[in-house]
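Examining the three-dimensional arrangement
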Amino acid sequence: MRNSERPSRDRKTRSAGIILPFLLRLADRIGSAAKNSLFGSFLTGYSVDKDRDVLSSSLLLKPIRSLSLGERLFRPVRFAVAGQFDRSAVLRSLTAFGKMLAGSALSTFGIGFLLFSFFSGGVYVLSNFFRVGQPKTAVHLVFTVSSLLIGILLVASRRHLSEALSESRFGSLLFGFLGLRAEVFRAVPLCRGPAFLTAAAGMAIGILSAFFSPSELFVACCIPFLGVLVFYLPEAGLILGVFLLPFFSTMSLVVYTMFLVLSYGIKVLRGKRLFSLSGLDAGVLLFALVLLGSGFFSASPSTSLPSAAVFLCFLCWYPLAVNLLRSPDWIHRAVKAVFLASLLVALYGIAQYLFSDVSRIWLDSELFSDIAGRTVSTFENPNVLGEYLLLCLPVSFSLFLDRTKSTWNRFLLLMGSGCLLVCLILTWSRGAWLGLLLSSGILCIIVSARMLLLLFPVACLLPWSPAFLPSSVVQRFLSIGNLADTSTSYRIHIWEGVLRMLKDHWIAGIGIGVGAFREIYPAYSLSGIEAAPHSHSLFLQILTETGVFGLVLFLLFLVFYVRCCISSVTLFSGFRYRLRSACICCGVFAVLIQGMTDYIWYNYRIFLMFWFAIGLSVSFSRCVSRKIRSQEKAVPNTEANASLEIEGVL
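Residues numbered from 1 in each chain as written. Predicted model: local features only at pLDDT ≥ 70, side-chain atom pairs only at ≥ 80, totals over all residues. Heavy atoms only, no water.

1. Concerning the overall build of the protein chain
Looking only at helices and strands, the protein chain features 29 helices and zero strands. Burial status across the protein chain gives 48% buried among its 650 residues. Counting contacts in the protein chain only where the partners sit at least 6 residues apart, residues at least 24 apart contribute 79% of the total. Surface exposure of the protein chain reaches about 32700 Å², of which carbon and sulfur atoms provide 70%. (Helix = DSSP H or I, 4+ residues; strand = E, 2+ residues; numbered from the N terminus. Buried < 20%, exposed > 50% of the residue type's maximum accessible area, 1.4 Å probe, protein only. Contact = heavy atoms within 4.5 Å. Areas by Shrake-Rupley, 256 points an atom, 1.4 Å probe, with all protein chains shown as cover.)

Structure, rendered in structure tokens:
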């Protein structure tokens, strides 16, 4: 029997050995034909140098460049301002404060923790046992006990903060994450430390615990440390801001962004950071001007101007990412920050779905009675959570596919990516699911033509997916486009009203924000749909708010952004970097796909994350271009000593 089976196995092996090479050759030919086509040549023909040349030779900027304003006006002003700032009391005070914190003994901080625990414990006893004021929660007691234990450990230590952090495992991880150099921190001179100040701070914070929550006091205590870090190393501030994004409120992020921009601007004026401008960046600048104009010329300027101000503030994360993340190491740190933050958000979302009551207000109870609810995690809406996870999931997946990592690290990254995927499913956001599926196909096409072969088995398995997927997931996905679903019919009715409105306001739009939309839209809406806050479509909302010029400008920017990303992927010789660049880009593709049926910028934090992701991918592509240019010219990279240079303009 075994001898009779052997010929059939040999025939199968030979047929497999014929089919697989044929499919590989077919994929290579398809990829080569696509790359050499007119459309493919356009998508892969982006060059940073050509982009800057076109910008500098444009009719608008050529006269400005001919005036040599950079040499005649800007550089002397910059040097004068930089000199005044270097001699200012502000810089000296910040420098002294930073050195004092780093060089202080741990016992000094221990005194502050002990006094805080004493007064905070007194507040807890008075509130809960003697009924003085409002009773305190168990969280207050946990903070008090934790501070007591930390204070005992620190008071017993004879080391200084700089020594403890630079020589500990936690310190090395922290320095690696934020890009700090341990040797610089270790070289900080030791000092006795302001024991009186820490004691007074501990007492004051303990007393204030009677009026504020422990989390608010903890954030307030971290602000001085955070301010020094952001001021001296804006790159670390950018990384930390991306990590804190899903946990901070919108106004907190506005204040943080303004201080980050100020710190970066001071670095640029002092000649310690580089500022560059290309055609793609000019597109973002023009779009920012359109947003600003839509804030002023609005149906409701009182509500549009604050919205436009927040948009412009968060749009700064694009140039910050492009100009601060100028090396693969910094980009890798940003990717890790995105992954860690999204993992915490996903774990909280999963725990929220399993152990607490999740809301069903975003579900059609008649069609989806078997779904318990939709998780929101740190966001207010499940669709918003889905948009955030869409931007982060491809990035985390690129870390897992990094072959340079150990097997154990890759396993942990796979588990983390699985948590993000599970949380994305528990949002029950059909737009997010569709965006993930389509962007995964785009990822396969961009990275390698041979990855097209993966689409064939996926296509074959799709009809059998109900056999191994939960019925609720299959039913929810197949309901896409079902007009019986109240969510779908609600969107269609809104689109009908918006299209009516655009007949009268398609040229200049109605202005930025919910206030302007609610001012004009009800007159055109269908009966019963007057209270809609937006158009439930990113592209339709941009057209509604900024007019046809704003939409055309945004679409043109997306075309050249895609061109920049795909060109950078084709320049990479290693699979690791091709995948990293393609994954960041596909996260943007995924959320744009969801944006066809959702206004993804309704939540300001998603707007911030969207432009940061674009800036991150553009920065990555420019790193490739700089590396290739340096290899071609055989000239070492001297960006560390670079001064202000508006490339291609001044």
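The discussion continues.
2. Brief notes about the nonpolar core
Core analysis: the biggest nonpolar cluster contains 134 residues, and Leu325, Tyr388, Phe554, Trp601, Phe610, Trp611 and Phe612 have the highest contact counts within it. When residues in this core are grouped by element, the largest group, 15 residues, is from helix α27 (residues 538-571). Discounting residues that sit within four places of it in the chain, phenylalanine 612 has contacts with Leu238, Val242, Trp317, Ala321, Leu325, Ala334 and Val338. With 11 residues, the next largest nonpolar core counts Leu106, Leu154, Ala164 and Leu165 among its residues. (Core = buried A, V, L, I, M, F, W, Y, C linked by side-chain atoms within 4.5 Å.)

3. Topic: the confidence of the model for the protein chain
Across the protein chain, pLDDT averages 80, with 78% of residues at or above 70. Least confident of the elements in the protein chain is helix α4 (residues 62-66), whose mean pLDDT is 54; most confident is helix α18 (residues 317-324), at 94. This model gives residues 635-650 a pLDDT under 50, and the stretch forms 40 contacts once residues within four places in sequence are excluded. (pLDDT = per-residue confidence, 0-100.)

4. A few points about the packing of aromatic side chains
With the rule as written, the count across this model stands at 25 aromatic pairs. With 5.4 Å between their ring centres and 90° between their planes, phenylalanine 610 and tryptophan 611 make a pair best called edge-to-face. Looking at phenylalanine 610, the relative accessible area reads 1%, which means it is buried. Taken together, the ring pairs connect Phe287, Phe311, Tyr318, Phe539, Phe554, Phe557, Tyr561, Trp601, Tyr604, Phe607, Phe610 and Trp611 into an aromatic cluster. Sitting over the ring of tryptophan 330, arginine 333 keeps its end group 4.5 Å from the ring centre. (Phe/Tyr/Trp six-rings, centres within 6.5 Å; stacked < 30°, edge-to-face > 60°. Lys NZ or Arg CZ within 6 Å of the ring centre and 35° of its normal.)

5. What about the side chain of threonine 257?
Tracing the chain through its elements places threonine 257 in helix α15 (residues 250-269). Under the relative-accessibility criterion, threonine 257 is labelled buried at 0%.

6. Some details on the environment of methionine 596
Positionally, methionine 596 belongs in the loop between α28 (575-594) and α29 (604-633). Spatially, the C-alpha atom of methionine 596 lies 8.2 Å from that of leucine 540, the residues being 56 residues apart in sequence. Leaving out residues up to four positions away in the same chain, methionine 596 has contacts with Trp495, His536, Ser537 and Phe539.

7. Description of empty space enclosed by the protein
A water-sized probe rolled over the atoms picks out the places where empty space is left. The tally for this structure, following the rule as stated, stands at two cavities of 30 Å³ or more. Each pocket or cavity is described by its volume, and for the largest cavity that value is around 50 Å³. Residue assignment for the lining of the largest cavity shows that the elements contributing at least two residues are α16 (279-296) and α27. Class assignment of the residues belonging to the lining of the largest cavity gives a composition of seven nonpolar, no polar and one charged. (1 Å grid on protein atoms, 1.4 Å probe; cavity = no way out; pocket = protein on both sides within 12 Å on 5 of 7 lines; lining within 4 Å. Points joined across faces, edges and corners; volume = space filled by probe spheres on them. Nonpolar A, V, L, I, M, F, W, Y, C, P; charged D, E, K, R; others polar.)

8. Some words on α27
Relative to the 50 Å expected for 34 residues at 1.5 Å per residue, α27 spans just 32 Å between its end C-alpha atoms, considerably shorter than the ideal helical length. Counting buried positions over the 34 residues of α27 gives 24, a clear majority of the element. (Expected span 1.5 Å × (residues − 1).)

9. Structural notes on the pattern of salt bridges
Pairing between side chains of opposite charge can happen when the charged atoms of each approach one another. Applying the stated rule across the entire model yields four salt bridges. The partner of glutamate 380 in a salt bridge is arginine 605, and the shortest N-O contact between them spans 3.5 Å. With glutamate 380 in the loop between α19 (328-355) and α20 (382-400) and arginine 605 in helix α29, this pair connects stretches of sequence that are 225 residues apart. The class for arginine 605 is buried, based on a relative accessible area of 4%. The salt bridge partner of aspartate 598 is arginine 491, with a shortest N-O separation of 2.6 Å. With aspartate 598 in the loop between α28 and α29 and arginine 491 in helix α25 (residues 486-505), this residue pair connects regions lying 107 residues apart in the sequence. Side by side, aspartate 598 and arginine 491 carry an identical accessibility label, which is buried. (Salt bridge = Lys/Arg side-chain N within 4 Å of Asp/Glu carboxyl O.)

10. A closer look at a nonpolar patch on the surface
Among the surface-exposed residues, Trp506, Ile507, Val548, Phe549, Val552, Leu556, Val559 and Phe560 lie close enough to one another that they form a single nonpolar patch of about 730 Å² accessible area. With respect to the secondary-structure elements, valine 548 resides in helix α27. Looking at valine 548, the relative accessible area reads 31%, which means it is partly exposed. (Patch = residues over 30% accessible without salt bridge, like charges linked within 9 Å, V, L, I, M, F, W, Y side chains within 5 Å.)

11. Observations regarding the environment of serine 479
Inspection of the secondary structure assignment puts serine 479 in the loop between α24 (471-478) and α25. Sequence separation between serine 479 and phenylalanine 368 is 111 residues, and the spatial gap between their C-alpha atoms is 9.9 Å. Filtering out sequence-adjacent residues up to four positions away, serine 479 remains in contact with Phe368, Arg430 and Thr488.

12. What about the packing of helix α6 (residues 89-103) against helix α13 (residues 214-232)?
Following both chains from N to C, one finds α6 and α13 inclined at 120°, their axes separated by 10 Å at the closest point. With respect to each other, α6 and α13 are oriented oblique. When the axes of α6 and α13 are compared, the crossing they make is left-handed. The residues of α13 that touch α6, namely those facing Leu91, Leu94, Thr95, Phe97, Gly98 and Leu101, are Pro224, Phe225, Val228, Phe231 and Tyr232. (Axes fitted to C-alpha atoms, helices over the stretch in contact; angles between N-to-C directions. Parallel < 35°, antiparallel > 145°, perpendicular 65-115°, else oblique. Left-handed = near helix turned anticlockwise from the far one by under 90°.)

13. A short note on unusual backbone geometry
Phi at tryptophan 428 takes a positive value of approximately 55°, unusual for a residue other than glycine. Inspection of the secondary structure assignment puts tryptophan 428 in the loop between α21 (407-426) and α22 (430-447). A relative accessible area of 5% places tryptophan 428 in the buried class.

14. Looking at the environment of leucine 269
The topology assignment puts leucine 269 in helix α15. Residues leucine 269 and alanine 80, spaced 189 residues apart in sequence, show a C-alpha to C-alpha distance of 9.3 Å.

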